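Structural overview
These are the residues of each chain, in order.
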Amino acid sequence: QKNALADEVGQLSARAATLQAQLGQMRAKQELAEQKLAYALQLLEQAKQTAQQARATAQAAQTQVENAQLEFVAYAQASYMSGTIGGTTGSLLTADDPNVLLQQGALEQYQSSHQLGAINDLQRAKVGKSNADAAARKAVLAQTSAADAAAQAKQAADDAVTATIAQEQQVQQSIAANQTKLDAARLQLETLNGQRAKYEAWQKEQARLAELRRKRA
């Protein structure tokens, strides 16, 4: 009986350690899910900021396009209103002073250069806006993806918490029941050990008395 009780105590002790390990694993799984959720929320916040910056850049690019368009239209209107008829040939025929002709040629060259500058500005503004719009669309897609990932992480964390609570209750009940059995088995084993010690002490005492009687005889 003593050996059987000792084996039972050993098995119950191992069972207690196993249950405690299961409890720790469940809690670790819950903590990991919560950490993943925190990381997903961090990525979502970063994606929101990136998308906001991209929208602001796209809006600034739109403003640049509008300004470039206004500048080009204003230049075209001014050139049309102040333009001369007949070009260089007409100037040669009508100019009274060669200096005036030279000044007019310089003006036309300036206007031509300014026209090319306005066109280039408008083209660069449109390219910039196209790139900014593409970056903004990409940022919105990234934000949507981050939001989906955060929602999934939130659901996983909630499921982990729910599962941990339910399983922890069961494991705690098992731990309590196992501890009750372990305490009872230990008590029985200690009782048997106490009885064995008393019996061994009685045997020693009987042997001592027998030795005294033998010496007296």
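What you see is a predicted model; the values in this text were computed from it and never measured.

What counts as what
- Residues numbered from 1 in each chain as written.
- Predicted model: local features only at pLDDT ≥ 70, side-chain atom pairs only at ≥ 80, totals over all residues.
- Heavy atoms only, no water.
- Helix = DSSP H or I, 4+ residues; strand = E, 2+ residues; numbered from the N terminus.
- Buried < 20%, exposed > 50% of the residue type's maximum accessible area, 1.4 Å probe, protein only.
- Contact = heavy atoms within 4.5 Å.
- Areas by Shrake-Rupley, 256 points an atom, 1.4 Å probe, with all protein chains shown as cover.
- Salt bridge = Lys/Arg side-chain N within 4 Å of Asp/Glu carboxyl O.
- pLDDT = per-residue confidence, 0-100.
- Core = buried A, V, L, I, M, F, W, Y, C linked by side-chain atoms within 4.5 Å.

1. Overview of the overall build of the protein chain
Secondary structure summary: the protein chain contains three helices and zero strands in total. In the protein chain, the succession of α and β elements from N to C terminus is α-α-α. Sorting the 217 residues of the protein chain into buried and exposed places 19% on the buried side. Long-range contacts, defined here as pairs at least 24 residues apart, represent 94% of the contacts in the protein chain between residues at least 6 apart. Here the protein chain displays about 15700 Å² of accessible surface, and carbon together with sulfur accounts for 55% of that area.

2. Quick word on the environment of E34
Looking at the secondary structure, you find E34 in helix α1 (residues 2-82). For E34, a relative accessible area of 36% puts it in the partly exposed group. Sequence separation between E34 and A153 is 119 residues; the distance between their C-alpha atoms is 8.0 Å. Setting aside residues up to four positions removed in sequence, E34 forms contacts with A157 and V161.

3. Topic: the pattern of salt bridges
Scanning the model with the defined rule gives two salt bridges in all. Note that D133 is salt-bridged to K129, the shortest N-O span being 2.7 Å. Taken together, the residues D133 and K129, both in helix α3 (residues 98-216) and four residues apart, mark about one turn of the helix. Two residues, K154 and D158, come together in a salt bridge whose shortest N-O distance is 2.8 Å. Taken together, the residues span about one helical turn, with K154 and D158 both in helix α3 at a distance of four residues.

4. Some words on the side chain of T164
If you trace the backbone, T164 turns up in helix α3. In contact with T164, not counting residues within four places along its chain, are M26 and Q30.

5. Examining the confidence of the model for the protein chain
Considering every residue of the protein chain, the mean pLDDT works out to 76; 73% of them sit at 70 or more. Within the protein chain, the element-level pLDDT minimum falls on helix α2 (residues 87-94), averaging 43, and the maximum on α1, averaging 82. Low pLDDT, under 50, characterises residues 84-107; the predicted model gives this stretch six contacts beyond four residues in sequence or across chains.

6. Side note on the nonpolar core
Counting residues in each nonpolar core, the largest one holds 10 residues, listed as A33, L37, A40, L44, A47, A146, A150, A153, A157 and A160. Looking at this core, the elements with two or more residues in it are α1 and α3. Other than its neighbours up to four places away in sequence, L44 contacts Q143, A146, A147 and A150. The next biggest cluster of nonpolar side chains, apart from the first, holds seven residues, and it includes A51, A58, A61 and A136.

7. Regarding the environment of E8
Here E8 is to be found in helix α1. Spatially, the C-alpha atoms of E8 and K181 are 9.1 Å apart, while their sequence positions differ by 173 residues.

8. Things to note about the side chain of Q30
With respect to the helices and strands, the residue Q30 is situated in helix α1. Leave out the neighbours within four places in its chain, and Q30 touches A160, V161 and T164.

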